[in-house]
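So the chains spell out like this:
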Amino acid sequence: MKLLITGAAGFIGSNFVYYELDKHPEDEIVALDLLTYAGNLKNLKGCEGNEHFRFVRMDIRDRENIYKLFEEEQFDIVVNFAAESHVDRSIEDPELFLRTNIIGTSVLMDASLKYGVKRYHQVSTDEVYGDLPLERKDLFFTEETPIHTSSPYSASKASADLLVMAYHRTFGLNMTISRCSNNYGPYQFPEKLIPLMINNARHDRSLPVYGEGLNVRDWLHVYDHCSGIDLIMRGGRNGEVYNIGGHNEKANIEVVKTILKELGKPESLITYVTDRKGHDLRYAIDPRKIEMELGWKPVYDFNTGIKETIEWYMDHQEWMDEVTSGDYLHYYEQMYGNR
Ligand code: NAD
Ligand code: DAU
């Protein structure tokens, strides 16, 4: 099998490349990424020298070059991770999210149809379902929950999902969609909650918690997300959506306090800052469909996973220093300077 993995130098994409090379060493992988601020070739360093792996720097919106690549490579499966992925950035610059997340998806699907790709898999998010009330612990997102978005990011991801389903119905594209909850693990860019808090704590800087820190996220180790996508893209039913999540709901403040405790840092580092605009209250996935149809099961529980993840960042401080220099300093000042 020949796979195209887009967004492969980002957080989940790079973890997925390692997962595939490990579980399916007979497959060939073309890893594509534009290398925006979020993409980092160092994330793929461990693939160097593997004859089944090749990296291509390309923009998923670049129709001409995407077509050339598809013609040359004749992919069996396309997995699209490439996206603008940070909610806070989407509040500052919505248009970029529309161009990458919607137009980029349409170019990849056109190429998939034109060059006979057997399965197109769209990596989506639970954020397309909007949010759940904090006090209703009995409610979960199922695949039937209506799309109801809050941020420009989630609206762009939902638009892409609708387009993927339209390509299935109108053009007969063979496709699946996965909607996962919040991921954590190695190689996550420190604009997201967990690596940002680890990075600030190791420098004894304040930890900016939005609002009162009571918003709830349903955390899943990135390895378990990768195993879910692998099952869906190879064995999932054509035209179907699958939720992925492991029932690890935590309030943000709880996650932040866990990080401080693990690092031996005081809770006095926590600073409550102005809330995110339109901030979703709670996410919680019902994963029964993927469990029952495809036999998916997460291997990580949150306590083990978060400890291992904190250790990873502490063992890779050089990586962290590199990605938090330069443009990151400007981003941090803009986002948190007057908050
Ligand atoms: P990320 O921001 O770490 O990585 C995105 C990658 O896409 C980067 O390497 C970037 O360079 C690349 N990219 C951006 N624009 C591109 C373009 N025009 N052409 C080619 N490459 C481009 O994001 P992530 O957290 O790894 O998320 C990957 C996917 O998973 C996204 O589609 C996101 O919506 C989805 N997702 C993320 C989470 C999460 O918790 N992080 C959960 C569910 C779903
Ligand atoms: O649910 C899946 C989604 O999870 C993915 O689709 C997105 O790509 C991914 O970024 C993530 O979105 P969130 O907005 O939930 O993740 P983030 O890490 O930005 O924030 C997690 C929670 O922590 C959220 O309630 C906001 C809060 N937060 C975040 C940051 C960066 C803070 O309190 N302080 C912060 O500095």
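Preceding this section is the structure that the text describes.
Read on for an overview of the structure. (Residues numbered from 1 in each chain as written. Chains lettered and ligands numbered in written order. Predicted model: local features only at pLDDT ≥ 70, side-chain atom pairs only at ≥ 80, totals over all residues. Heavy atoms only, no water.)

Thoughts on unusual backbone geometry
Thought 1: For Tyr187, which is not glycine, the phi dihedral falls at a positive 70 degrees.
Thought 2: By the element assignment, Tyr187 lies in the loop between β7 (183–184) and α6 (193–202).
Thought 3: Despite not being glycine, His247 shows a phi value in the positive range, around 55 degrees.
Thought 4: Here His247 is to be found in the loop between β11 (240–244) and β12 (249–251). (Helix = DSSP H or I, 4+ residues; strand = E, 2+ residues; numbered from the N terminus.)

Considering empty space enclosed by the protein
Thought 1: Applying the stated criterion across every chain, the model contains one cavity of 30 Å³ or more.
Thought 2: Roughly 70 Å³ of volume is contained in the largest cavity.
Thought 3: Around the largest cavity, the lining residues are Val87, Glu127, Ser150, Ser151, Ser154, Arg217, Arg276, Lys277, Gly278, His279, Asp280 and Tyr283.
Thought 4: Of the residues belonging to the lining of the largest cavity, the class tally is two nonpolar, five polar and five charged. (1 Å grid on protein atoms, 1.4 Å probe; cavity = no way out; pocket = protein on both sides within 12 Å on 5 of 7 lines; lining within 4 Å. Points joined across faces, edges and corners; volume = space filled by probe spheres on them. Nonpolar A, V, L, I, M, F, W, Y, C, P; charged D, E, K, R; others polar.)

Some words on the environment of Val216
Thought 1: Within the secondary structure, Val216 sits in strand β9 (residues 216–218).
Thought 2: With relative accessibility at 5%, the residue Val216 sits in the buried group.
Thought 3: Sequence separation between Val216 and Leu134 is 82 residues; the distance between their C-alpha atoms is 7.5 Å.
Thought 4: When sequence neighbours within four positions are dropped, the list of residues in contact with Val216 reads Leu134, Lys137, Glu249, Lys250, Ala251, Leu281, Arg282 and Tyr283. (Buried < 20%, exposed > 50% of the residue type's maximum accessible area, 1.4 Å probe, protein only. Contact = heavy atoms within 4.5 Å.)

Points about the pattern of salt bridges
Pairing between side chains of opposite charge can happen when their charged atoms approach one another.
Thought 1: Counting across every chain of the model gives 25 salt bridges.
Thought 2: We note a salt bridge from Glu293 to Arg237, for which the minimum N-O separation is 2.6 Å. Here the residue Glu293 occupies a position in helix α9 (residues 288–294), and Arg237 occupies one in the loop between α7 (222–235) and β11, the gap between them amounting to 56 residues.
Thought 3: Linked through salt bridges whose partners overlap, the residues forming this network are Glu20, Asp27, Asp230 and Arg234. (Salt bridge = Lys/Arg side-chain N within 4 Å of Asp/Glu carboxyl O.)

Side note on the site of ligand 1
Thought 1: Taken together, 29 residues lie near ligand 1, and Ile12, Asp33, Ser85, Tyr153 and Lys157 sit nearest.
Thought 2: At a separation of 3.0 Å, a nitrogen atom of ligand 1 approaches a polar backbone atom of Ile60.
Thought 3: Tyr153 is positioned such that a nitrogen or oxygen atom in its side chain is 2.6 Å from an oxygen atom of ligand 1.
Thought 4: For ligand 1, whose accessible area on its own is 840 Å², the fraction buried by protein is 97%.
Thought 5: With three residues, strand β5 (residues 119–125) is the largest single contributor of residues to the shell around ligand 1. (Near = heavy atom within 4 Å. Polar contact = N/O pair within 3.5 Å; in protein donor to acceptor, adjacent residues only side chain to side chain. Areas by Shrake-Rupley, 256 points an atom, 1.4 Å probe, with all protein chains shown as cover.)

Focus: the packing of aromatic side chains
Thought 1: A full pass over the atoms with the stated rule returns 23 aromatic pairs.
Thought 2: Ring plane angle 50 degrees and centroid distance 5.2 Å describe the contact between Phe16 and Phe81, whose orientation is recorded as tilted. Residue Phe16 is found in helix α1 (residues 11–23), and its partner Phe81 is found in the loop between β4 (77–80) and α3 (87–92); the two are separated by 65 residues along the sequence.
Thought 3: Phe16 gets classed as buried once you look at its relative accessible area, which sits at 0%. (Phe/Tyr/Trp six-rings, centres within 6.5 Å; stacked < 30°, edge-to-face > 60°.)

Topic: the site of ligand 2
Thought 1: Ligand 2 sits among 25 residues. The nearest are Asp126, Tyr153, Arg276, His279 and Tyr336.
Thought 2: His279 places a side-chain nitrogen or oxygen 2.7 Å from an oxygen atom of ligand 2.
Thought 3: Across the complex, the protein chains shield 94% of the 690 Å² of accessible surface that ligand 2 would expose by itself.
Thought 4: Among the residues making up the shell around ligand 2, the classes are represented as eleven nonpolar, eight polar and six charged.

Digging into the sheet that holds strand β1 (residues 2–6)
Thought 1: Pairing in this open sheet of seven strands is parallel, and the strands run β3-β2-β1-β4-β5-β6-β11 from one edge to the other. Of all strands in the sheet, those bounded by a partner on one side alone are β3 (53–57) and β11. Adjacent strand axes in the sheet meet at a mean angle of 20 degrees, parallel and antiparallel pairs treated alike.
Thought 2: Contacts between helix α4 (residues 94–114) and the sheet are confined to β1, β4 and β5, with β5 contributing the most and set at about 165 degrees to the helix.
Thought 3: Lying on the sheet, helix α5 (residues 152–171) is in contact with β5, β6 (175–180) and β11; it crosses β5 at an angle near 155 degrees. (Pairing = 2+ DSSP bridges. Axes fitted to C-alpha atoms, helices over the stretch in contact; angles between N-to-C directions.)

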